[in-house]
Amino acid sequence: MPAIKKSGSRRQEILQCLAHMLETEIGARITTARLAKEVGVSEAALYRHFPSKAKMFEGLLEFVEESIFSRITMIVGESNSATERCQLILNLLLGFAQKNPGICRLLMGDALIGEHERLRERVVQFFDRIETQLKQIIRDERMLQRKDHLDAGILANAILSSAEGRIQQFVRSGFKRLPMENWDKQWHYFANHI
């Protein structure tokens, strides 16, 4: 998995193998025994680095959050228009998804069936944070321009829902239907309404 930096640490190797298994073993439940075999260590060795499988999933979610939100902070700080900032954020999300198919299963909840509820809540919070950021960008721009057409929250929800739908299609298609495919044309439609 190219997106997680190879630091040589066993912890990173475990996360990379987990993400790879999520990508290649679609629909299969990932067990610690299978993951240990893939990494080439014992289950006990896995538990020396992560106290539970839930903590392994949390490690992947931390990687996603750090990757996405650090870049969103940079995008928001740029002096682009609201439309450009929203586009950059959604391109970031969809591009990240396209480069990390296994992690998409995590973000869409597919890999979390039967896992701890707190993992699902963390995914919900991840998307809520992105939606809040989009809403704030749209609201700030509209206040400057005195536009009152449609509530910023409704627009933010619509464009994020579209992006989430594309990620879900990517997972559902077995990673054949790429999130960025024709996105620029769809974005052009949204941009005319922001």
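Preceding block: the structure.
Since we're looking at a predicted model, the values are computed, not measured. Along each chain, residues carry numbers from 1 onward, in the same order as the chain's sequence is written. A pLDDT threshold of at least 70 governs which residues receive local features in this predicted model, and a stricter bar of 80 or more applies before side-chain atom pairs are shown or counted, although totals over entire chains, interfaces and linings include all residues. With hydrogens and water set aside, each side-chain value is computed from the structure's full complement of heavy atoms.

## Thoughts on the packing of helix α5 (residues 82-99) against helix α9 (residues 183-191)
Quick reminder of the rule: Orientation is described by axes fitted as lines to C-alpha atoms, over the contacting stretch for helices, and by angles from 0 to 180 degrees between their N-to-C directions. Numbering goes from the N terminus for both helices and strands, where a helix is a DSSP run of H or I of at least four residues and a strand is a run of E of at least two. Every angle not falling under 35 degrees, over 145, or within 65 to 115 is termed oblique; those three ranges are roughly parallel, roughly antiparallel and roughly perpendicular. Should the near helix be turned anticlockwise from the far one by less than a right angle, the crossing is termed left-handed; should it be turned clockwise, right-handed. Note on contacts: a residue pair qualifies if any of its non-hydrogen atoms lie within 4.5 Å across the two residues. Under the grouping applied here, Gly and all other residues not named as nonpolar or charged are polar, the nonpolar ones being Ala, Val, Leu, Ile, Met, Phe, Trp, Tyr, Cys and Pro and the charged ones Asp, Glu, Lys and Arg.
Put simply, α5 and α9 touch, their axes get as near as 11 Å, and they point 150° apart. It follows from the interaxial angle that α5 and α9 lie roughly antiparallel. In this structure, the crossing between α5 and α9 has a hand that is right-handed. Side by side, α5 and α9 meet where T83, C86, Q87, L90, N91 and L94 of the first sit next to W183, W187 and A191 of the second. In terms of residue class, the contact of α5 with α9 is made up of six nonpolar, three polar and no charged.

## Focus: the environment of R172
Residue position: R172 is located in helix α8 (residues 152-172). Linking R172 and L112, residues 60 residues apart in sequence, is a C-alpha distance of 15 Å.

## Structural notes on the packing of aromatic side chains
Note the threshold: Any two of the Phe, Tyr and Trp rings considered here, Trp counted by its six-membered ring, make a pair once their centres fall within 6.5 Å; the pair's planes then place it as stacked at under 30 degrees, edge-to-face at over 60, or tilted in between. Three labels apply to residues, based on accessible area from a 1.4 Å probe with only protein chains included: buried if under 20% of the type maximum, exposed if over 50%, partly exposed otherwise in between. Comment: the charge-over-ring label is applied if NZ (Lys) or CZ (Arg) is within 6 Å of the ring centre and within 35 degrees of the ring normal.
Taken as a whole and judged by the stated rule, the model has eight aromatic pairs. Their ring planes at 70° and their centres at 5.4 Å tell us that F69 and F126 sit as a pair that is edge-to-face. Of this pair, F69 sits in helix α4 (residues 53-77) while F126 sits in helix α7 (residues 117-145), and the two are 57 residues apart along the sequence. Residues F69 and F126 agree in their burial class; the two are buried. Both rings, one in F126 and one in F127, keep their centres 5.0 Å apart while their planes meet at 80°; by these two values the pair is edge-to-face. For F126, a relative accessible area of 3% puts it in the buried group. Stacked on the ring of F69, the Lys or Arg R129 has its end atom at 3.6 Å from the ring centre.

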